[in-house]
Amino acid sequence: MLERVLFRSELCRACRRCEMACIAAHNGIDIKEAMKRKDEFVSRVRVVKGEDFKTTVRCHECENAPCCQICPTGALSQLESGEVVMHAELCIACEMCADACPYGAIQMDKTNLPVVKVEATEAELQQPRKVAVRCNMCREIREASGKLLTPCMEACPVQAIGLMTAEGKEIFPEKPVKKPVAAKPKADAAKAAAKAE
């Protein structure tokens, strides 16, 4: 069984912090910078909010994934385990995978990869190349950091996003412990009382 994202929609506030954490993790910036540059980058997980529901849109690594079936270059392929793998260097940005995805989980994002075109002009070679992106559970990022949970799971302030491990164990981030508020020194309190008089 593949590991999966778990989502508790009843807890979600649609704050989009998971989106910012995704942008930050995939672009080597912090969440504050991701918030400033959110229109510049694409999040691989998206929050969708309706009148009476909230959910996340992300890759489900479908059995016989239609995105892999339709990809003309093999940029998206599916391993025997069911994991969908992206080979960005083969992507030609045809967007057929995005059209085939039943969840709307694939989007186009710019990269620093060279343009793939037989007769590319110098101007085209200077432009950031677009490729298909999707949630891959941050497998490489987690492996490099030694963390079990993804950045979006860790960033959620209400622990709405968790992980179902390959063994079937459900893991959600622990609720952060609030730091106790330090008592103000008595001298400050005396000054405040004096001002009030």
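Nothing here was measured: the structure is a model prediction, and the numbers come from that model.

(A) Layout of the overall build of the protein. Scanning the protein from N- to C-terminus turns up eight helices and nine strands. Classification of the 197 residues of the protein by burial places 36% in the buried group. On the protein, roughly 12800 Å² of surface is accessible, and the fraction owed to carbon and sulfur atoms is 52%.

(B) Inspection of the layout of surface pockets at higher detail. Quantified by volume, the largest pocket comes out at close to 620 Å³. Lining the largest pocket are 23 residues, with His26, Arg44, Met86, Asn136 and Glu140 sitting closest to its centre. Contributing elements (two or more residues each) for the lining of the largest pocket: α1 (17–27), β5 (84–86), β6 (107–111), β7 (129–133) and α6 (139–145). In terms of residue class, the lining of the largest pocket is built from 11 nonpolar, five polar and seven charged.

(C) Quick look at the pairing of strand β2 (residues 46–49). Here β2 runs beside strand β3 (residues 54–57); their pairing, made up of four bridges, is antiparallel. Within β3, the residue paired with Arg46 across the bridge is Val57. Connecting β2 to the next strand, β3, in antiparallel fashion are four residues.

(D) Molecular detail of the environment of Ile23. For Ile23, the location among the structural elements is in helix α1. Exposure remark for Ile23: the relative accessible area of 2% places this residue in the buried category. Note: C-alpha distance between Ile23 and Ser43 (20 residues apart in sequence) is 5.2 Å. Not counting chain neighbours up to four residues away, the residues in contact with Ile23 comprise Ile29, Ala34, Lys38, Phe41, Val42 and Ser43.

(E) Local environment of the environment of Arg16. Looking at the element boundaries, Arg16 is found in the loop between β1 (4–7) and α1. Given a relative accessible area of 35%, Arg16 falls into the partly exposed group. Taking the C-alpha atoms as reference, Arg16 lies 6.3 Å from Val47; in sequence the two are 31 residues apart.

(F) Inspection of the side chain of Glu61 at higher detail. Tracing the backbone shows Glu61 in the loop between β3 and α3 (66–70). Under the relative-accessibility criterion, Glu61 is labelled buried at 5%. Side-chain polar atoms of Glu61 contact the side chain of Arg134, separated by 3.3 Å. For Glu61, the side chain forms a polar contact with the side chain of Arg139, separated by 2.9 Å. Look past the residues within four positions of Glu61 in its chain and what remains in contact with it is Leu2, Arg4, Gln78, Gly82, Glu83, Val84, Arg134 and Arg139.

(G) Seen up close, the pattern of salt bridges. Within this structure, the stated rule accounts for nine salt bridges. Here Arg37 and Glu33 are joined by a salt bridge, their closest N and O atoms 3.7 Å apart. A relative accessible area of 25% means that Arg37 is categorised as partly exposed. Residue classification places Glu33 among the partly exposed residues on the basis of a relative accessible area of 27%.

Conventions and cut-offs
Residues numbered from 1 in each chain as written. Predicted model: local features only at pLDDT ≥ 70, side-chain atom pairs only at ≥ 80, totals over all residues. Heavy atoms only, no water. Helix = DSSP H or I, 4+ residues; strand = E, 2+ residues; numbered from the N terminus. Buried < 20%, exposed > 50% of the residue type's maximum accessible area, 1.4 Å probe, protein only. Areas by Shrake-Rupley, 256 points an atom, 1.4 Å probe, with all protein chains shown as cover. 1 Å grid on protein atoms, 1.4 Å probe; cavity = no way out; pocket = protein on both sides within 12 Å on 5 of 7 lines; lining within 4 Å. Points joined across faces, edges and corners; volume = space filled by probe spheres on them. Nonpolar A, V, L, I, M, F, W, Y, C, P; charged D, E, K, R; others polar. Pairing = 2+ DSSP bridges. Contact = heavy atoms within 4.5 Å. Polar contact = N/O pair within 3.5 Å; in protein donor to acceptor, adjacent residues only side chain to side chain. Salt bridge = Lys/Arg side-chain N within 4 Å of Asp/Glu carboxyl O.

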